[in-house]
There are 2 protein chains.
Amino acid sequence: MSVLVVGTVAFDSIEAPAGCAERILGGSASYFALGASYFAPVRMVGVIGQDFPQDHLDLFTQRGIDIAGITREQGDTFHWRGRYHEDINQRDTIELHLNVLAGFKPKLPDSYRDAEFVFLGNIDPVIQMDVVDQIRHMKLLVCDTMDYWIRESNADLKKLLQRVEMLVLNDSEARLLSGYDNIVKAARTILRMGPKMVLIKRGEYGVLQFSDSAIFATPAYPLEEVFDPTGAGDSFAGGLMGQLARTGDLSQGGLRRAIVYGSVVASFTVEDFGVKRLIDISLPVIEERYRRFVELTDFHS
Amino acid sequence: MSVLVVGTVAFDSIEAPAGCAERILGGSASYFALGASYFAPVRMVGVIGQDFPQDHLDLFTQRGIDIAGITREQGDTFHWRGRYHEDINQRDTIELHLNVLAGFKPKLPDSYRDAEFVFLGNIDPVIQMDVVDQIRHMKLLVCDTMDYWIRESNADLKKLLQRVEMLVLNDSEARLLSGYDNIVKAARTILRMGPKMVLIKRGEYGVLQFSDSAIFATPAYPLEEVFDPTGAGDSFAGGLMGQLARTGDLSQGGLRRAIVYGSVVASFTVEDFGVKRLIDISLPVIEERYRRFVELTDFHS
């Protein structure tokens with residue numbers, strides 16, 4: 001089964017303690033698609049400008065990603081500039097140029113309308129909803145968001161949450177959306193907004209998954225070097241949904257294993273700048289680190 | 001097999017978002033001993049003043065704890081006053097009265113000298129070393145410390161670390177001791193100072209255990225309410241060493257399970273002020289939460 005992602009395709013300029021990178025390939029849809037591409041066929045929906053190089057598009061197609069849903073518009077590509085602190089878990093947005101993203105109205109190719117595993121990357125909830133309306137039936141609808149939309153488009157986001165199966169967000173976003181500091185209370189409150197599952201990303205501390213019936217907690221894969229955390233969350237979601245699409249296993253166990261696969265993919269992403277490491281892996285390499293993850297967390301044997 | 005702990009016996013005054021408590025029973029040896037007492041016989045070494053009530057001593061003996069190593073000296077008992085922030089992971093020390101602790105020179109009763117599982121609670125490394133010298137042979141020597149000793153008694157602490165099997169500390173202490181921000185690098189650096197194992201406590205984010213051959217990562221038990229984190233780390237160590245003494249299993253698997261038992265004990269501690277919840281549990285209650293912990297983290301079935 002295949003995975004569909006709608007989100008940003010961007011140029012990222014990154015300043016981090018380990019170095020700098022200027023106008024490299026970025027965006028939620030890019031990271032998600034590349035992460036998912038090791039597991040299942042991926043279809044991408046997004047917008048680029050006149051300045052977006054063919055090389056980057058070729059990168060997607062080389063990974064077998066269907067880019068029929070990427071449209072090129074007049075103007076420049078979305079550009080984000082961020083600066084990471086010495087404490088790599090913190091970053092500031094230095095520049096944000098929406099450019100062609102400002103007028104983004106995704107129109108899904110007909111071939112995309114039967115998508116079963118759909119990921120709504122972090123964009124305006126109105127656009128996210130618009131995409132949902134264009135798809136005939138779905139097996140799993142997963143959504144990401146961020147503090148900006150929680151603050152500025154709260155009503156639209158809440159409307160969307162009633163249709164979403166799983167919400168993926170980080171802990172500060174969960175606190176903001178719920179109004180609770182305690183993360184368990186925050187998650188339970190968000191579950192009452194609609195989603196059957198809430199997945200809370202905690203960066204180097206791992207992931208918490210909440211549903212009405214259970215909680216799953218898993219640490220992150222410990223790394224000696226974190227060069228650039230950009231895209232960790234989106235490639236995590238890509239690995240997660242790719243694995244779900246590969247197996248079709250939506251049982252509690254299947255979901256938990258998919259979360260671990262997502263964590264494994266994200267652990268590669270942060271090992272180098274941008275998508276550099278993420279495009280340089282393979283399913284056997286992912287499987288090997290998954291086995292290490294099992295050893296890392298096992299206390300039964 | 002029995003467990004020996006040397007550390008503080010104190011009055012704690014606590015200000016937290018959930019409420020306040022004045023001069024309640026506290027101290028590293030108290031929390032450790034109570035936590036360990038559900039698993040194995042415990043022997044306590046510490047000092048109290050004239051103002052320390054018989055009730056508190058009775059509490060220890062009711063839990064089967066051997067208090068022959070607690071001496072009562074002229075003066076008042078060690079008193080700590082701390083204030084927790086809205087973010088319960090942060091606290092400030094408001095008052096610190098060493099009182100009788102200033103002159104503490106532990107002299108182990110003869111009956112203690114064959115102790116096999118020894119925990120050196122967070123006190124002056126010179127005192128910690130003095131205790132080690134009084135014990136004939138040990139199966140496992142575990143040590144805790146804090147930022148103050150890392151800064152002010154660095155040489156004494158490093159000398160002690162060469163004799164210690166396992167060092168238990170939190171992530172900011174690991175960063176301070178090692179000079180590395182990255183926690184994996186920090187742990188590897190500390191391993192080179194002597195301990196065969198380093199255990200890094202991350203509060204609500206769980207625990208990382210490092211040895212030369214492996215890393216073990218486990219999340220914390222998620223709680224809807226954290227009233228008072230005081231003593232979480234010490235009761236964690238108590239549960240850990242109690243379980244090791246109960247089973248005598250020092251294999252990698254045995255150590256990992258003991259870490260989970262420690263996390264379970266700590267999860268009870270923070271559910272109420274001071275030792276209130278910690279003295280109100282039982283081994284079956286601990287075992288029940290351990291099983292829930294297994295379910296919480298399992299992604300194989």
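Above this text you will find the structure in question.
Keep in mind it's a predicted model, so treat the numbers as computed, not measured. Counting of residues starts from 1 at the beginning of each chain's written sequence and follows it residue by residue. In the order they appear in the text, chains get letters beginning with A and ligands get numbers beginning with 1. Thresholds applied to this predicted model are a pLDDT of at least 70 for local features of residues and 80 or more for the giving and counting of side-chain atom pairs; totals over whole chains, interfaces and linings are not thresholded and use all residues. Working from all heavy atoms in the structure, the side-chain values ignore hydrogens and water.

What follows covers the pattern of salt bridges. Salt-bridge detection follows one rule: a side-chain nitrogen of Lys or Arg within 4 Å of a carboxyl oxygen of Asp or Glu. Under the criterion given, the structure shown has 39 salt bridges over all chains. In this structure, aspartate 280 of chain B and arginine 277 of chain B form a salt bridge, with 3.8 Å as the shortest nitrogen-oxygen distance. Ionic contacts of the salt-bridge type, sharing partners, join the residues Glu15, Glu22, Arg81, Arg83 and Glu95 of chain A into one network.

Turning our eyes to something else, we now look at helix H2 (residues 54-62) of chain B. Residue and element names in this part refer to chain B. Each residue gets one of three labels from its accessible area relative to the maximum for its type: buried under 20%, exposed over 50%, partly exposed in between, using a 1.4 Å probe on protein chains only. Put simply, DSSP marks the helices as runs of H or I at least four residues long and the strands as runs of E at least two long, and each gets a number from the N terminus on. Within H2, burial applies to His56, Leu57, Leu59 and Phe60. Buried residues of H2, viewed axially, fall in a sector of 150 degrees; they line one side. Across H2 from its buried face, at more than 90 degrees, point the exposed residues Asp55 and Gln62. Buried residues along H2 sit against strand E2 (10-16), strand E3 (19-26), helix H1 (28-36), strand E4 (42-48) and strand E5 (66-72). Among the residues trailing H2, glycine 64 stands out with phi positive, at a value near 80 degrees. Throughout, the arc means that of the directions going from the helix axis to the C-beta atoms. By the convention used here, residues are in contact when the closest approach between their heavy atoms is within 4.5 Å.

Of the residues lining the interface, 35 residues belong to chain B; the matching set on chain A comes to 35 residues. Both sides together, the interface formed by chain B and chain A hides about 3000 Å², and carbon and sulfur atoms give 52% of it. When two parts are put together, the accessible area they lose, computed with a 1.4 Å probe and summed over both, is reported as buried area. A per-residue breakdown of the area chain B buries against chain A is headed by Tyr205, Glu224 and Phe299 of chain B, which together make up 25% of the total. There are 6 salt bridges connecting chain B and chain A. The closest approach of N and O atoms between glutamate 225 of chain B and lysine 185 of chain A, which form a salt bridge, is 3.2 Å. Counted as a polar contact is a pair of N or O atoms within 3.5 Å, where, for protein atoms, one must be capable of donating a hydrogen and the other of accepting one, and residues adjacent in sequence contribute only when both atoms are in side chains. For the pair chain B and chain A, the interface holds 20 residue pairs in polar contact (both at pLDDT 80 or more). Secondary-structure elements contributing two or more residues to the side of chain B that touches chain A are helix H6 (171-178), helix H7 (183-191), strand E13 (215-218), helix H9 (252-269) and helix H10 (283-297) of chain B. When residues of the side of chain B that touches chain A are assigned to their parent elements, the largest contribution, 6 residues, is made by H10 of chain B. When grouped by side-chain class, the residues that make up the side of chain B that touches chain A number 15 nonpolar, 6 polar and 14 charged. Note on residue categories: nonpolar means Ala, Val, Leu, Ile, Met, Phe, Trp, Tyr, Cys or Pro, charged means Asp, Glu, Lys or Arg, and polar means any other residue, Gly included.

Quick look at the sheet that holds strand E4 (residues 42-48) of chain A now. Residues and elements named next belong to chain A. When DSSP finds at least two bridges between two strands, those strands are taken to pair. If you walk across this open sheet you meet the 9 strands as E5-E4-E1-E8-E9-E10-E11-E12-E13, and the pairing is mixed. One side of each edge strand has no neighbouring strand; the edge strands of this open sheet are strand E5 (66-72) and strand E13 (215-218). Within the sheet, the average angular offset between the axes of one strand and its neighbour, ignoring direction, is 15 degrees. Sheet topology places strand E1 (residues 3-6) next to strand E8 (residues 117-120); 4 bridges connect them, and they run parallel. Lines fitted to C-alpha atoms define the axes here, with helix axes fitted over just the stretch in contact, and angles between the N-to-C directions of these axes take values from 0 to 180 degrees.

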